[in-house]
Structure formats: structure tokens, C-alpha cells
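An overview of the molecular structure
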Amino acid sequence: MTIARHQHWIGGMEANSTSGEYFTDLNPIDDSPYAEIAKGVQPDIERAVETAHACFDSYRQSLPKERQGWLLQAAELLQAESSDFIDTLVDEVGSPLLKAKREIETSVSILRSAAGATHHLAGKTLPTDVPGRLSMSIRRPLGVIAGITPFNVPLIKNIKHSAMPLATGNTVVLLPSEHAPVTALKVAKLFADAGFPKGSFNVVTGFGTELGDTLTCHPHVRMVGFTGSSRVGHHISALCGKHAKRYSLELGGKNPLVVLKDADIDQAVQGSVVGSFLYQGQICMASSRIYVEQPVYDEFLTKFLVATQHLGMGDLRSPSTMIGPIIHERQRKRIKEHIQDATMKGAKVLCGGNWQQNYCQPTILTDINDQMRISREETFGPVTTLHAVGSADDALKLANDSNHGLSASIYTTNLTQAMRFAEHLEAGMVHINGTTIQDEPHIPFGGVGDSGFGRESTDPDLSDFTEWKWVTFQHS
Ligand code: NAD
């Protein structure tokens, strides 16, 4: 079977790589070739940034209603072409149907929210102590914004890292994950079909390790929006600090889910299953540590085990499948090492732990101690750890014992406890009686500590992607 060959997207059209080389994008189900992708080199990044920079002069002058129209049209087209996008999300990154559909819905919402934001770039009139002066502030777009995105929710993240920059009058260069370039190129085509001017949105495909620094450090790049691992995030923040650039980081998690003795156990089990195993645990907000108060531990464990063992695994296009394949060999190795390291150090496997080709069975581990890698590092697979705790105070202390702080959940019917946890959990997002995996376009999405810096959302983005200018008018 011949597979499709894809080029970069620069200046509103396909653009060959300077290197003339290609790499193979694999289908994670069986590592068969999915597509041939242009292997970007530094001159390609320079070409894309120069193109976005040249476009910025005219794009910044586009009217809010024009940008609003393009974003709304992109939302319409995405909905109309959803089955095509779903196919790509299934075949390129191993998304079960359920997760692929959620990506489409969320992305449509993000585009619509960004469209609404185009008329909210308001400035202010300011008081002044100078007689005869009118003082005001206006907001200006920054210029070229770089977006660097991960493999796991490629549609959502490519749309998030471009919709608000474009809504606020900036132009974009996107460097997508080398494991999800086709999704990004489809977004480029979507934006072009929606009417965005040539050069306003550009995609360079290739390897972040080879291209990332050139993009981050390019003098015309005014801000870097990064979503990915904490390790790469720290590297990017150091470079941005050195070059005095703005940046935002959406990084990994080690998200706690707490079940108190007065919780609705069925609700908590449902939240734990979705939180731990949606998209085979390859979600930054995955519930990877579950703390259950002793009096309800046995009941929770029995129900959680049954629900986990009934999860569908395999056919990605079946609506009942929750567990698909793990994206690539490096990631599979990490999951295997975490399970092996934990069991060698005394952890008990309650269920799962075995592999069928590239699929890891949903796995629950208990008897976890601090020496195990899984207690602190993000596993990014269908593996969660279960802990019995003596009290709500113990649960809070353990939940906060992590360098990460992205999302957290508390299941309880006690309002006072719920609000105490909401206030004291060290996380950017806390959900009471809801799972750790939640997203909406207008909420302040992000984490603390090793989980990130800055917030994604329409409101914070209005500030992040613009700069204030103070203007005075001496009228008398
Ligand atoms: P990754 O860090 O390996 O890669 C992310 C992106 O960074 C890719 O495009 C990659 O090519 C690029 N990259 C690699 N080295 C780079 C460098 N030196 N400079 C610039 N870019 C470079 O992450 P991944 O495996 O694709 O995704 C999984 C990670 O992303 C997990 O840690 C997950 O928690 C995190 N994530 C976070 C969020 C969030 O919103 N907080 C959302 C999704 C994923």
C-alpha cells in the first residue's frame, strides 16, 4: 500500500523541506507506516518565521469581525469534516473513538470562544494628573507566536496554540509533535479553507529536539507557547529567560484523586476509571494516584477492579473501547519500567500489568512506597496507584506530596471538607465530585510547580498575546 507524503505548510501552501528528506510517521497499533513527512531543518524554521513575520504587518490590521468570521468558519468546517479528523486521530495517534470525538467537540468550542474574544481586546482610559491631557492604554498584538505541541491531544493543542494568537492579531508558526504531524497539517488546511490569510498560520514538521531551539530563539518569535513534558518545558523556559521572550508552559502531571469515607462510591469509581484510563492514561490530567479513606477502601477497591477489568481494549473504532495502543517504543519502555520497578520494590499488581503487542492492560498497583519511580514520575500510561489512608488530613498531605500540581479531584458529600480540599490542594485545577480530566475553553487551564507556568484560556490569553501601549493626547 502506498502511503501519503506530506510537506510543511508555509505561506498558505505546501512547502518542501530544504533537506529533501522525509521521516515515517507510524500508526501505533502495529508501528506500520502511516505517512511520509517532510523532515524539517533549521532553514525551514527560518523560512516559516520570516513568512509569519512578513504577514504580521497586514494581518495585525485585519478587522476583529474578519478574524471572528475566519474562526467561526474554521469551527463550522471542523464539524463538517469531523469524520475525516477522527480517522486521523485514530490512525495517527491511536485514539479510541470516544477520545477522538471529545477532541473534535473541545476544539470546535475553542475556535468559537476565540471568535468571541476578537471584540474583547479592550484598552482603558486612565486618570491623569497632567492638566489638559487625555491618557489611555491600548493593546497591540505581539507578532509571531511559536506553538510547540505534544502527540496526545494533537487537535486540541494545535487549535489551542493557534486560535487565540490568531484571534488577537498575531501570526503563528507551529512545530507539532513528530508523532502527530498529519493532524497539524490538516489544521493548516482547515484554516486556509476558512479564509485565514496566507502566511498567518504555518507548520514545520520534523523533530523538536533538532528544530525546537531554532524556533524558540528566533529573534522574530515574540512568545513560545509550549505543551509537553516537564523536562522539555524547563529547557524552553531557560532559553526564553535568556532571550527575554514571553512563554507559557503546560506540562506533565501526577494527579491525585481523593475518595473520602462519605463519598458516593459509584460516582468516585466512575471518575477514577475515566480519570485513570481515558486514552490509555496518556493524558496530562490522568488520575495516577488514588487515595481512599480506610472505611470505604474495600468497597471502592472491589468496584474499581470490576469496572477496570470490563474496559474495552482493542478496536479503536468501537464506541466501547477505552484502551488503545501506546504511542511509541520509548513510551512503552517507560511504562514497563515503572511497573517493573514498582513490583521489584514490593508493589502488588491488583489487575493488568500485561501487554498485548503495543497495548498495555489497564493496571492498578497497591503497596506503593516512596522509593518507587511510579510514586513521583509521570507514567503516561494506563497505570494508577491505589492507597488506603487513615484520615482526610492524611489524604490531603499525601496528595500534596508531589512536585507536580496540574489537576486534582476530591469525592465527598461533606461540603466543608470539599471546600477545604479545593482551597488547600496544590494544583492549578480542583474538581469536587468530578474526575481529574476536564477542559473548557474559557476556564484558566494550567498547573503549578513542575506542571507548568501560565494559564490557557480566553481571558488570560488576551493579556498573554498582546502588549499594553500607553498613549497620551495633550489637547489643551
Ligand atoms: P514531549 O515533551 O516529548 O514533546 C512535546 C513537543 O516538544 C514535541 O513537539 C517535541 O517534538 C517537542 N520537543 C522535544 N524536544 C524539544 C526541544 N528541545 N525544544 C523544543 N521542542 C522540543 O511530550 P510528548 O511526549 O509529546 O507529550 C506528553 C507530555 O505532554 C506529557 O508529559 C504530558 O503530561 C504533557 N502534556 C501536558 C498537557 C497540559 O496541558 N498540561 C497537555 C498534553 C500533554
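Conventions used here
Residues numbered from 1 in each chain as written. Predicted model: local features only at pLDDT ≥ 70, side-chain atom pairs only at ≥ 80, totals over all residues. Heavy atoms only, no water. Helix = DSSP H or I, 4+ residues; strand = E, 2+ residues; numbered from the N terminus. Rg over C-alpha atoms; globule rule 2.2 N^0.38 Å. Buried < 20%, exposed > 50% of the residue type's maximum accessible area, 1.4 Å probe, protein only. Contact = heavy atoms within 4.5 Å. Lys, Arg positive; Asp, Glu negative; His and termini not counted. Charge placed at Lys NZ, Arg CZ, Asp CG, Glu CD. Near = heavy atom within 4 Å. Polar contact = N/O pair within 3.5 Å; in protein donor to acceptor, adjacent residues only side chain to side chain. Areas by Shrake-Rupley, 256 points an atom, 1.4 Å probe, with all protein chains shown as cover. Nonpolar A, V, L, I, M, F, W, Y, C, P; charged D, E, K, R; others polar. Domains from an automatic or database assignment. Pairing = 2+ DSSP bridges. Axes fitted to C-alpha atoms, helices over the stretch in contact; angles between N-to-C directions. Core = buried A, V, L, I, M, F, W, Y, C linked by side-chain atoms within 4.5 Å. Salt bridge = Lys/Arg side-chain N within 4 Å of Asp/Glu carboxyl O. Parallel < 35°, antiparallel > 145°, perpendicular 65-115°, else oblique. Left-handed = near helix turned anticlockwise from the far one by under 90°. Phe/Tyr/Trp six-rings, centres within 6.5 Å; stacked < 30°, edge-to-face > 60°. Lys NZ or Arg CZ within 6 Å of the ring centre and 35° of its normal.

**Details of the overall build of the chain**
Across its full length, the chain holds 14 helices and 27 strands. Relative to the 2.2 N^0.38 estimate, which gives 23 Å for 476 residues, the radius of gyration of the chain is 23 Å and therefore close to what a compact globule would have. Oriented by its inertia axes, the alpha-carbon framework of the chain measures out at about 75 × 65 × 40 Å. Going through the 476 residues of the chain one by one, you find that 57% of them count as buried. Put simply, of all contacts in the chain between residues at least 6 apart along the chain, 74% involve residues at least 24 apart. On the chain, the mean spot of the 42 positive side-chain charges and the mean spot of the 52 negative ones are 5 Å from each other.

**Thoughts on the site of the ligand**
The ligand sits among 29 residues. The nearest are Thr149, Glu178, Ser229, Leu251 and Glu378. At 3.4 Å from an oxygen atom of the ligand is found a main-chain nitrogen or oxygen belonging to glycine 228. Here the ligand, which alone exposes 860 Å², has 93% of that area covered by the protein. Residue assignment for the shell around the ligand shows that the elements contributing at least two residues are helix H7 (208-217), strand S11 (221-227) and helix H8 (230-242). In terms of residue count, the dominant contributor to the shell around the ligand is H7 (four residues). Among the residues forming the shell around the ligand, the class breakdown is 13 nonpolar, 11 polar and five charged. There are two domains that each give the shell around the ligand at least three residues, and those are domain 1 (4-251 + 451-474) and domain 2 (255-441).

**Overview of the sheet that holds strand S7 (residues 133-141)**
On the basis of which strands lie adjacent, the open sheet formed by three strands has the order S6-S7-S27 and antiparallel pairing. A strand with exactly one partner marks an edge of an open sheet, and here the two such strands are strand S6 (124-126) and strand S27 (466-474). In this sheet, adjacent strand axes meet at a mean angle of 30° when their direction is disregarded. Taken together, the nine bridges between S7 and S27 define a ladder with antiparallel strand orientation. Of the residues in S27, the one forming a bridge with arginine 139 is tryptophan 468.

**Quick look at the nonpolar core**
Most often, soluble globular proteins have nonpolar side chains that are buried together. One finds Leu111, Phe191 and Phe201 to be the most contacted residues of the largest nonpolar core, which totals 49 residues. Those elements that place two or more of their residues in this core are helix H1 (42-59), helix H2 (64-80), helix H3 (82-93), helix H4 (97-117), helix H5 (154-167), strand S9 (171-175), helix H6 (181-194) and strand S10 (201-203). Looking at this core, the element that brings in the most residues is H4, giving nine residues. Discounting residues that sit within four places of it in the chain, phenylalanine 191 has contacts with Ala74, Leu111, Ile159, Ser162, Leu166, Phe196 and Phe201. Listed in part, the 38 residues of the second largest apolar core include Ala268, Val274, Met285 and Ile364.

**Some points on unusual backbone geometry**
A negative phi angle is the norm for most residues apart from glycine, just as the trans form is the norm for most peptide bonds. A positive phi angle, near 50°, is found at glutamine 280, a position not held by glycine. Of note, glutamine 280 is situated in the loop between helix H9 (265-277) and strand S14 (287-293). The phi dihedral of aspartate 367 falls on the positive side, at around 55°, and the residue is not glycine. In this structure, aspartate 367 sits in the loop between strand S20 (363-366) and strand S21 (383-389).

**So, the pattern of salt bridges**
Under the defined criterion, the tally for this structure stands at 23 salt bridges. When the shortest N-O distance is used, the salt bridge between glutamate 210 and lysine 39 registers 3.3 Å. Placement of the pair is glutamate 210 in helix H7 and lysine 39 in the loop between strand S5 (32-38) and H1, with a sequence separation of 171 residues. With its nearest N and O atoms 3.0 Å apart, the salt bridge here joins glutamate 299 to lysine 303. With glutamate 299 and lysine 303 both in helix H10 (residues 294-309), this residue pair falls four residues apart, about one helical turn. Residue class for glutamate 299 comes out partly exposed when judged on its relative accessible area of 39%. When salt bridges with common partners are traced through the structure, they connect Lys157, Lys160, Asp439 and Glu456 into a single cluster.

**Thoughts on the packing of H2 against H6**
It is the contact of H2 with H6, at a shortest axis distance of 8 Å, that shows an interaxial angle of 125°. What the angle tells us is that H2 and H6 run oblique. Remark: the crossing between H2 and H6 carries right-handed chirality. The segment H2 lies against H6, with Trp70, Gln73, Ala74, Leu77 and Leu78 engaging Leu190, Phe191, Asp193 and Ala194. Its residues assigned to classes, the contact of H2 with H6 comprises seven nonpolar, one polar and one charged.

**Regarding the packing of aromatic side chains**
Throughout the structure, instances matching the rule amount to nine aromatic pairs. Arranged with centres 4.7 Å apart and planes meeting at 55°, the rings of phenylalanine 23 and phenylalanine 207 form a pair that is tilted. On the criterion of sequence distance, the pair formed by phenylalanine 23 in strand S4 (residues 22-27) and phenylalanine 207 in the loop between S10 and H7 is long-range, its members being 184 residues apart. On the basis of an interplanar angle of 25° and a centroid distance of 6.3 Å, the ring pair of phenylalanine 277 and phenylalanine 304 is categorised as stacked. Placement of the pair is phenylalanine 277 in helix H9 and phenylalanine 304 in helix H10, with a sequence separation of 27 residues. Given the relative accessible area of 0%, phenylalanine 304 is considered buried. Ring pairing ties together the aromatic residues Tyr59, Trp70, Phe191, Phe196 and Phe201, which thus form one cluster. Across from the ring centre of tyrosine 279, 3.9 Å away, lies the NZ or CZ of lysine 99, which sits over that ring. When the ring centre of phenylalanine 445 is taken as origin, the NZ or CZ atom of lysine 160, which lies over that ring, is 4.1 Å away.

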